[in-house]
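# Observations on the model geometry
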Amino acid sequence: MLDDKLVKGLLLRTAARDEGSALAFERLYQMCAPLLLGVAKRIVGRQELAEEILHDSFTKIWSAADRFDVLANQPVAWMVAIARNRAIDTMASHDVSRVGSYHDNSLDDPDGALDKLFDWGEAADESEDRRRASAWMRDCLGRLQGVERQSLVLAYVEGLSHGELAIHLRKPLGTVKSWVRRGMANLRQCVEACMGNAG
Amino acid sequence: MKFAGHRLLDALCAEYLLGTLRGGARRRFEAARKDEPLVDLRLRHWEAIGTPRYSKMMEIQPRPQLWQRLERDLDLSQYRQRWYQRTGFWKAWAWVATAAFLLVLAVSVRTLPIATSVPPEIAQLSGANGSTQITARRSKDGGTLVLQANRPILAGPNQSYELWVIPGRGVAPISLAVLGNLDATITLPRDAIAHVHAGATLAISTEPAGGSPTGLPTGTIIAAGQVAS
């Protein structure tokens, strides 16, 4: 599990644009590139495309490091979001649809995928709040209806659009959209309830 | 379009984090996040609810060439410390320089005296059974005698060795030094220097601690030899 504090320090050093910036950026790359490449590959499905996305993502991270919010606590998530969005845009701009070839069977078992693809354990650098939030998230995902959970996992991990979800799940677009919205709303309510109970 | 009071703001935040907010809709939402503090605040709330962390299983090690290309494209070399700017480099340099200086010094100390002041050998002193061999060397000015034994030979606690010179047949031995061991450098008594000449005999006797009480050898002669030059 990547150390958010360390990643944040490297991002800030990268943003400084001084003689230590390249070294900090190189360390940042060494630490995070494997994850970003994995996330991109999962979405685009092709190694060479994923490598292009990795290149573009780190180019953006280099140029946008000075805009990273120093108060933000999730720099890894910020970097992953850059790679995910880039991968999603890349797929949207490609003619060939990847539906039917993109997913592994484990995603049809969202419960198994949740524990395989995500790390719900405690990271050494995590605050007590983060540890609790992580546990609530896992618990609340487990309480969602199966179709909601599967829709959310497929959208998040594979970067599927509503339309691609509808094709993959063989359901009308409206149905899938409502699963996604309801799933996220239920997830939020559940986690907020946990927060309220904890407070 | 203002997103801050939008009835679907929560749904938009959720879809943005999930990745299902696409294209122009996503870009407008990102712009709103910058421009409208309430949108940013709401999105932070959603992020705080939880952004799951990917497991190690997701990771794929990139090829080394990818970093090289990135480094070249971003021209990162201008943001690197030059070798001469690195504190580590100068620290290492200082250590190496110091070590090299000490090495040169040590070599000089060891080699210079040997090269310049190793006195020439003037005699080999041998024991009766041949097991004791002592080389005697004399400095060029004649005032210093260096004894080197073939093995450590130390006097006992109540014993001393005494070095004598016998200038010629029938001439009484003259004491040159009282010794604790037979690896020794001796400054010859001024009036004895002339007696250590070719043909004279050097001899070592065992004596009571502190040397011969009589001024002549009283104990066993353990080694003797003739001065050659």
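Residues numbered from 1 in each chain as written. Chains lettered and ligands numbered in written order. Predicted model: local features only at pLDDT ≥ 70, side-chain atom pairs only at ≥ 80, totals over all residues. Heavy atoms only, no water.

## Quick look at the overall build of chain B
- Scanning chain B from terminus to terminus reveals 5 helices and 8 strands.
- Going residue by residue from the N terminus, the α and β elements of chain B occur as α-α-α-α-α-β-β-β-β-β-β-β-β.
- Expressed as a percentage of the 229 residues in chain B, the buried residues total 36%.
- Long-range contacts, defined here as pairs at least 24 residues apart, represent 53% of the contacts in chain B between residues at least 6 apart.
- Approximately 13,400 Å² of chain B is accessible, and the part contributed by carbon and sulfur atoms is 59%. (Helix = DSSP H or I, 4+ residues; strand = E, 2+ residues; numbered from the N terminus. Buried < 20%, exposed > 50% of the residue type's maximum accessible area, 1.4 Å probe, protein only. Contact = heavy atoms within 4.5 Å. Areas by Shrake-Rupley, 256 points an atom, 1.4 Å probe, with all protein chains shown as cover.)

## A closer look at the interface of chain B and chain A
- At the junction of the two partners, chain B supplies 44 residues and chain A supplies 63 residues.
- Roughly 5,100 Å² of surface becomes buried between chain B and chain A when both sides are summed, with 61% attributable to carbon and sulfur atoms.
- The three residues of chain B that bury the most area against chain A are Leu18(B), Arg53(B) and Tyr54(B), which together make up 18% of that side's buried surface.
- Our count for the chain B to chain A interface comes out at 7 salt bridges.
- The salt bridge involving Arg26(B) is made with Asp89(A); its shortest N-O contact spans 2.7 Å.
- Elements represented by at least two residues in the side of chain B that touches chain A include exactly α1 (9–18), α2 (23–35), α3 (37–49) and α4 (64–73) of chain B.
- Taken together, the residues that form the side of chain B that touches chain A break down as 21 nonpolar, 8 polar and 15 charged. (Buried area = accessible area lost by both parts, 1.4 Å probe. Salt bridge = Lys/Arg side-chain N within 4 Å of Asp/Glu carboxyl O. Nonpolar A, V, L, I, M, F, W, Y, C, P; charged D, E, K, R; others polar.)

## A look at the confidence of the model for chain A
- In the predicted model, chain A carries a mean pLDDT of 85, and 85% of its residues have values of at least 70.
- Mean pLDDT across the elements of chain A bottoms out in helix α5 (residues 110–117) of chain A (76) and peaks in helix α3 (residues 47–64) of chain A (95). (pLDDT = per-residue confidence, 0-100.)

## Regarding the packing of aromatic side chains
- All chains considered together, the criterion is met by 12 aromatic pairs over all chains.
- An angle of 25° between the planes, with centres 5.2 Å apart, marks the rings of Phe118(A) and Tyr54(B) as stacked. Residue Phe118(A) is located in the loop between α5 and α6 (128–143), and its partner Tyr54(B) is located in the loop between α3 and α4; the two belong to separate chains. Note on accessibility: Phe118(A) and Tyr54(B) belong to one class, buried. (Phe/Tyr/Trp six-rings, centres within 6.5 Å; stacked < 30°, edge-to-face > 60°.)

## Details of unusual backbone geometry
Residue and element names in this part refer to chain A.
- At Arg17, a residue that is not glycine, the phi angle is positive and equals roughly 55°.
- Structurally, Arg17 can be placed in the loop between α1 (4–16) and α2 (21–44).
- Unlike most non-glycine residues, Arg170 shows phi in positive territory, near 55°.
- Tracing the sequence through the fold places Arg170 in the loop between α8 (162–169) and α9 (173–198).
- Taking relative accessible area as the criterion, Arg170 reaches 73% and is therefore assigned exposed.

## Observations regarding α2(A)
All names here are of chain A.
- Along its length, α2 shows its largest kink, about 50°, at Cys32, and proline Pro34 lies within four residues downstream of that point.
- Burial of α2 is extensive: 19 of the 24 residues sit out of reach of the surface.
- Within two residues after α2, Gly45 carries a phi angle of roughly 80°, on the positive side. (Bend = angle between axes of the 7 residues up to and from the residue.)

## Overview of the side chain of Arg53(B)
- Looking at the element boundaries, Arg53(B) is found in the loop between α3 and α4.
- Within polar-contact distance, the side chain of Arg53(B) engages the side chain of Asp4(A) at 3.0 Å. (Polar contact = N/O pair within 3.5 Å; in protein donor to acceptor, adjacent residues only side chain to side chain.)

## Quick notes on the nonpolar core
- With 87 residues, the main nonpolar core has Phe25(A), Leu28(A), Leu36(A), Phe58(A), Ile61(A) and Phe29(B) as its most contacted residues.
- For this core, the leading source of residues is α2(A), giving 14 residues.
- In contact with Leu36(A), not counting residues within four places along its chain, are Leu54(A), Ser57(A), Phe58(A), Ile61(A), Met79(A), Val80(A) and Ala83(A).
- Core analysis: the next-biggest nonpolar cluster, separate from the first, contains 27 residues, Ile122(B), Ala136(B), Leu176(B) and Val196(B) among them. (Core = buried A, V, L, I, M, F, W, Y, C linked by side-chain atoms within 4.5 Å.)

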